[in-house]
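# Chain and residue survey
Below, each chain spelled out in residue letters.
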Amino acid sequence: MSQAKFIVIEGLEGAGKSSAIALVKDLMEKQTGKAPVCTREPGGTVLAEKIRDLVKIAEADDPLCDEAECLLFYAARAQLVENVIKPALARGEWVLGDRHNLSSLAYQGGGRGLMPLVKAISDATLKGFKPDITLYLDVPPALGLERAARRGELDRIEQQALEFFDRTRETFLALAAEDDTIHVIDASQPMSEVHKDIQSVLQSLL
Ligand code: Z5A
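These numbers were taken from a predicted model, which means no experiment stands behind them. (Residues numbered from 1 in each chain as written. Predicted model: local features only at pLDDT ≥ 70, side-chain atom pairs only at ≥ 80, totals over all residues. Heavy atoms only, no water.)

### Structural notes on the nonpolar core
Core analysis: the biggest nonpolar cluster contains 58 residues, and Ile9, Val24, Ile85, Leu135, Leu137 and Ile198 have the highest contact counts within it. At 10 residues, the largest contribution of residues to this core is made by helix α3 (residues 66-90). For valine 24, the residues in contact, after removing those within four places along its chain, are Ile7, Ile9, Leu96, Leu135, Ile198 and Leu202. (Core = buried A, V, L, I, M, F, W, Y, C linked by side-chain atoms within 4.5 Å. Buried < 20%, exposed > 50% of the residue type's maximum accessible area, 1.4 Å probe, protein only. Helix = DSSP H or I, 4+ residues; strand = E, 2+ residues; numbered from the N terminus. Contact = heavy atoms within 4.5 Å.)

### Overview of the UniProt feature "domain: Thymidylate kinase-like" (unreviewed entry) in the protein chain
Here, the residues flagged by UniProt with the feature "domain: Thymidylate kinase-like" (unreviewed entry) are residues 9-198. Each end of residues 9-198 is marked by a C-alpha atom, and these two atoms are 10 Å apart; helix forms 58% of the span and strand 12%. (UniProt positions renumbered as here; feature names shortened; annotations may be inferred.)

### Some points on the pattern of salt bridges
Side chains that carry opposite charge are capable of pairing whenever their charged atoms lie near each other. This structure, assessed with the given rule, holds 14 salt bridges. Across the salt bridge formed by arginine 112 and aspartate 66, the nearest N and O atoms sit 3.6 Å from each other. Remark: aspartate 66 occurs in helix α3 and arginine 112 occurs in the loop between α4 (101-111) and α5 (115-126); sequence separation between them is 46 residues. Arginine 91 is paired through a salt bridge with glutamate 93; the nearest N and O atoms lie 2.8 Å apart. On the basis of relative accessible area, arginine 91 is assigned to the exposed category, the value being 55%. What you see here is one network of salt bridges that share partners, running through Glu10, Glu13 and Arg99. (Salt bridge = Lys/Arg side-chain N within 4 Å of Asp/Glu carboxyl O.)

Structure representation (structure tokens):
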């Protein structure tokens, strides 16, 4: 069998990552005969899950500054990559990620306007490690947030202004245009169409 692969699903909130992950997990299992190791970011290790709580909850008396937010995402990612993702790939197990580095480049680099800092931390912590395939589920922010809001209360990041998500989406698309491992899926379509597109992209790649 070919070398173990790291496949990542990315997208704004409400893009449909959860159902896409279930579909891709199934396709990966059919391909390899074994369920992939599934990760989520931020999170996926004991320490990284604690960091997830820190970045999601707003503290009225101690608002998280943009630089600290950025460092926390990379602290969580470094733990996950070193302790879970790389060891799994070394054992020959495929890995399916719910978000990875592209999220930091898009949200903190594009959305927060911290691209030079994000690129520097990314290079220093990941040292060139990246997914084999990224599926970016593209959805207009207003539609994604409307879908997310239907689920219930919005978290700290989901409460950002629409312009933040517009900048984030533009950055996702710009980065996808310059990297042929990132595949853009139109996630504003009905879910059945989104899933057909995911299936056809993955079937052509695997
Ligand atoms: N973040 C960051 O800033 N920097 C980083 O480096 C990383 C993350 C790694 C993580 O939150 C937050 O951290 C995230 C980015 C930031 N913040 N925001 N905002 P999370 O992990 O809790 O949340 P999420 O990743 O954004 O997941 P989500 O909101 O659950 O999005 P989703 O998984 O794409 O949504 P979904 O549950 O699949 O779909 C939402 C609803 O829409 C659901 O009811 C679906 O049935 C419905 N849906 C989905 N697709 C369709 C279609 N095609 N048609 C109709 N309805 C649909």
